[in-house]
Amino acid sequence: MWWDERVSARFRRNLQPTLTYWSVFFSFGLCIAFLGPTLLDLRCQTQSSLSQITWVFFSQQFCLLLGSCLGGVFKRTLAQSLFALFASSLAISLVFAIIPLCHNVVVLAVVMAVAGLAMGCIDTISNMQLVKIYQKDSAIFLQALHFFVGFGALLSPLIADPFLSDTNCILSNSTANASSNLPHIRKSLVPHHPGNLSHYDLPMKGMVVTRVSYAFWIMALINLPVPIAVFFLLYKERMVPCFNGSSHPLLSADELAMETRPVDKDELSTPGQRPQAAGGHDDLFNCCQSRNFRGASYTYFAVHVTGALVLFMTDGIVGEYSGFVYSYAVEEPLSVVHKVAGYLPSLFWGFITLGRLISIPVSYRMKPATMVFINVVGVLITFLLLLIFSSSVVFLFVGTASLGLFLSSTFPSMLAYTEDILQYKGCATTVLVTGAGIGEMVLQLLVGSIIHDRGSYSFLVCGMIFGCLAFTFYAFLVFFHRMYPKPSPELDDASPDKAAVTDDTGQYQR
């Protein structure tokens, strides 16, 4: 095996919770990518204008960010985390089942807001729990976790595609004119956000003829095993109210004895100190409380901020590139055929998924800091070459694939790197997830307005600027890492700079 026996043994002992968190992230990916290709059919279903239906995107993304901020609230105990994941994954299945019944755009936006909250909780809690279980070995498992996002994001458009309307799905006198625009509009709608569609005039009244409901019901069924898996983990941990007898850890005494190690003094201390060792993954609001700042050095804050800013830029690039690469390709000077340009977003997400799969074994042999360095430098070089060969259609496809590969492992690698610097104290997971979510939302809106004012070429210029900023913030992160004080026994237990006790047995703690 390409990992050593120690990591393999830890994975086997935590197999059920690890697979459960991976499956929950599959729900996240399944839910994040279906809106783009199905948006026109949903517009027909709700009989709303394009400007009205695009608010559904905003409601999902805004509540996803809010859910990411609030997700840390449920991390205090294992029971709270698992119940939150069960409710969130079940909510996603219910959302898929309810969407075909939403015939009003406001109701649809509310339903997608619920989905966004569920996705945000899944994002924060799953990352936190894997970091808690594996700590210094978490990089490889985080890479696998984010692979499942890409897999779900690829699967949902494939499920929806056979049920999408080939012509306009609202029959009226102007259907013939609208139908000629439909292929162009549909290709403009990509997994995250649509481009500028306000100039297309589609009928709003008439008989609705769409079969997209079947796609949503299929996705609801495909996602249903995920909350069942979480419920089974709750049941095995005896956290279900009907079976709330004396609970026991997932690891038996014999399993814990498989991996011997010296016992630290900290572990022999009073039980009241133990929860503090596992702490440091609060929700955003608790992170901002003054008690967490006592005794903290400036580098403690700098590591949080610079790590979040790197992900603000890189996740923002993911959002803006997938959202506007089609619009850039069909404009001059490239003038790519609409059908061919429609493959660019799929190519981008396909290579993100491939990159996350490749990163699973690579992350075991390579340090997270090195992987992040390769990622940000690769993004910077790719945008530079895209600018140099801006008139080449072939290189646009090559550059899109390259960009997907380099961006694929940035988030899990940065999360593993930052948590390792902070010795699994502080609020790194919460801050990084929040920073990434804000970047994806803000940079997409910013680039959209710039392209509208300055033309399509500014799309690559913006990407180059964001890449340079990501590299700069990463350089600052490395600098603050070197300045960050090393853990020492003299540090007070309450200090954010104190190293957390690492549970090398990988015990699945409550």
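Shown above is the structure to which this text applies.
The structure reproduced in this document is the subject of the present report. Computed from a prediction, not measured in an experiment: that's the story for all the values here.

1. Structural notes on the overall build of the chain
Next up, step 1: Assigned secondary structure in the chain consists of 22 helices and two strands.
Next up, step 2: In the chain, which comprises 510 residues, the share counted as buried stands at 58%.
Next up, step 3: Taking contacts inside the chain between residues at least 6 apart in sequence as the whole, the part at least 24 apart equals 83%.
Next up, step 4: Of the roughly 20,900 Å² of accessible surface on the chain, a fraction of 67% belongs to carbon and sulfur atoms.

2. Things to note about the packing of aromatic side chains
Next up, step 1: Tallying each qualifying case throughout the model produces 23 aromatic pairs.
Next up, step 2: With a centroid separation of 5.8 Å and 20 degrees between ring planes, the pair formed by Trp22 and Phe148 is classed as stacked. Separated by 126 residues along the polypeptide, Trp22 in helix H2 (residues 15-32) and Phe148 in helix H8 (residues 138-160) bring together distant segments of the chain.
Next up, step 3: On the basis of an interplanar angle of 15 degrees and a centroid distance of 5.5 Å, the ring pair of Phe25 and Phe28 is categorised as stacked. Placement of both Phe25 and Phe28 in helix H2 is noted, with a separation of three residues, approximately one turn of the helix. Each member of the pair Phe25 and Phe28 is classed as buried.
Next up, step 4: A network of ring pairs unites the aromatic residues Phe11, Trp22, Phe26, Tyr134, Phe141, Phe147, Phe148 and Phe151 as a single cluster.

3. Description of the side chain of Ser409
Next up, step 1: Note that Ser409 resides in the loop between helix H19 (393-408) and helix H20 (410-421).
Next up, step 2: The class for Ser409 is buried, based on a relative accessible area of 3%.
Next up, step 3: A distance of 3.1 Å separates a polar atom in the side chain of Ser409 from a polar atom in the side chain of Asn375.
Next up, step 4: Apart from the residues within four sequence positions on either side, Ser409 is in contact with Gln143, Ser359, Met371 and Asn375.

4. Topic: unusual backbone geometry
Next up, step 1: With a phi close to 50 degrees, Ser335 is a non-glycine residue in the positive phi region.
Next up, step 2: Checked against the element boundaries, Ser335 lands in the loop between helix H15 (298-330) and helix H16 (338-341).
Next up, step 3: Residue Ser335 is classed as partly exposed on the basis of its relative accessible area of 43%.

5. Let's talk about the packing of helix H5 (residues 55-70) against helix H21 (residues 428-454)
Next up, step 1: Orientation of H5 relative to H21, taken along the N-to-C sense of each, is 170 degrees, at an axis distance of 9 Å. By the angle class used here, H5 and H21 are roughly antiparallel. Handedness of the H5/H21 crossing: left-handed. On H21, the residues that touch Gln61, Phe62, Leu65, Ser68 and Cys69 of H5 are Val433, Thr434, Gly437, Ile438, Glu440 and Met441.
Next up, step 2: Grouping the amino acids of the contact of H5 with H21 by side-chain chemistry returns six nonpolar, four polar and one charged.

6. Digging into the environment of Leu347
Next up, step 1: Inspection of the secondary structure puts Leu347 in helix H17 (residues 343-365).
Next up, step 2: For Leu347, the residues in contact, after removing those within four places along its chain, are Phe397, Thr400 and Ala401.

7. Some thoughts on the packing of H15 against helix H18 (residues 368-388)
Next up, step 1: Two numbers describe how H15 lies on H18: the axes approach to 12 Å, and their chain directions differ by 40 degrees. On the basis of their axis angle, the class for H15 and H18 is oblique. In this structure, H15 meets H18 at a crossing whose hand is left-handed. Mapping the contact onto sequence places Val310, Thr314, Ile317, Glu320 and Tyr321 in H15 and Val376, Val379, Phe383 and Leu386 in H18.
Next up, step 2: Looking at the contact of H15 with H18 residue by residue, the classes come out as seven nonpolar, one polar and one charged.

8. Re a nonpolar patch on the surface
Next up, step 1: On the surface, Trp55, Phe58, Phe62, Leu66, Leu70, Val73, Phe74 and Leu117 cluster together to form a nonpolar patch covering roughly 670 Å² of accessible area.
Next up, step 2: Among the elements that line the nonpolar patch, the one with the most residues is H5, at five residues.
Next up, step 3: Structurally, the position occupied by Phe74 is in the loop between H5 and helix H6 (78-98).

9. Quick look at the side chain of Asn375
Next up, step 1: Inspection of the secondary structure puts Asn375 in helix H18.
Next up, step 2: Take Asn375: its relative accessible area is 4%, and that puts it in the buried class.

10. A short note on H8
What sets the pattern is the α-helix's 3.6 residues per turn: residues three or four places apart point alike.
Next up, step 1: Its 23 residues give H8 an end-to-end C-alpha distance of 34 Å, which sits within 8% of 33 Å, the value for a rise of 1.5 Å per residue.
Next up, step 2: In terms of burial, H8 is largely enclosed, as 17 of its 23 residues are buried.

11. Considering the environment of Ala144
Next up, step 1: Here Ala144 is to be found in helix H8.
Next up, step 2: Exposure remark for Ala144: the relative accessible area of 5% places this residue in the buried category.
Next up, step 3: Placed 122 residues apart in sequence, Ala144 and Trp22 show a C-alpha to C-alpha distance of 7.4 Å.

How each quantity is defined
Residues numbered from 1 in each chain as written. Predicted model: local features only at pLDDT ≥ 70, side-chain atom pairs only at ≥ 80, totals over all residues. Heavy atoms only, no water. Helix = DSSP H or I, 4+ residues; strand = E, 2+ residues; numbered from the N terminus. Buried < 20%, exposed > 50% of the residue type's maximum accessible area, 1.4 Å probe, protein only. Contact = heavy atoms within 4.5 Å. Areas by Shrake-Rupley, 256 points an atom, 1.4 Å probe, with all protein chains shown as cover. Phe/Tyr/Trp six-rings, centres within 6.5 Å; stacked < 30°, edge-to-face > 60°. Polar contact = N/O pair within 3.5 Å; in protein donor to acceptor, adjacent residues only side chain to side chain. Axes fitted to C-alpha atoms, helices over the stretch in contact; angles between N-to-C directions. Parallel < 35°, antiparallel > 145°, perpendicular 65-115°, else oblique. Left-handed = near helix turned anticlockwise from the far one by under 90°. Nonpolar A, V, L, I, M, F, W, Y, C, P; charged D, E, K, R; others polar. Patch = residues over 30% accessible without salt bridge, like charges linked within 9 Å, V, L, I, M, F, W, Y side chains within 5 Å. Salt bridge = Lys/Arg side-chain N within 4 Å of Asp/Glu carboxyl O. Expected span 1.5 Å × (residues − 1).

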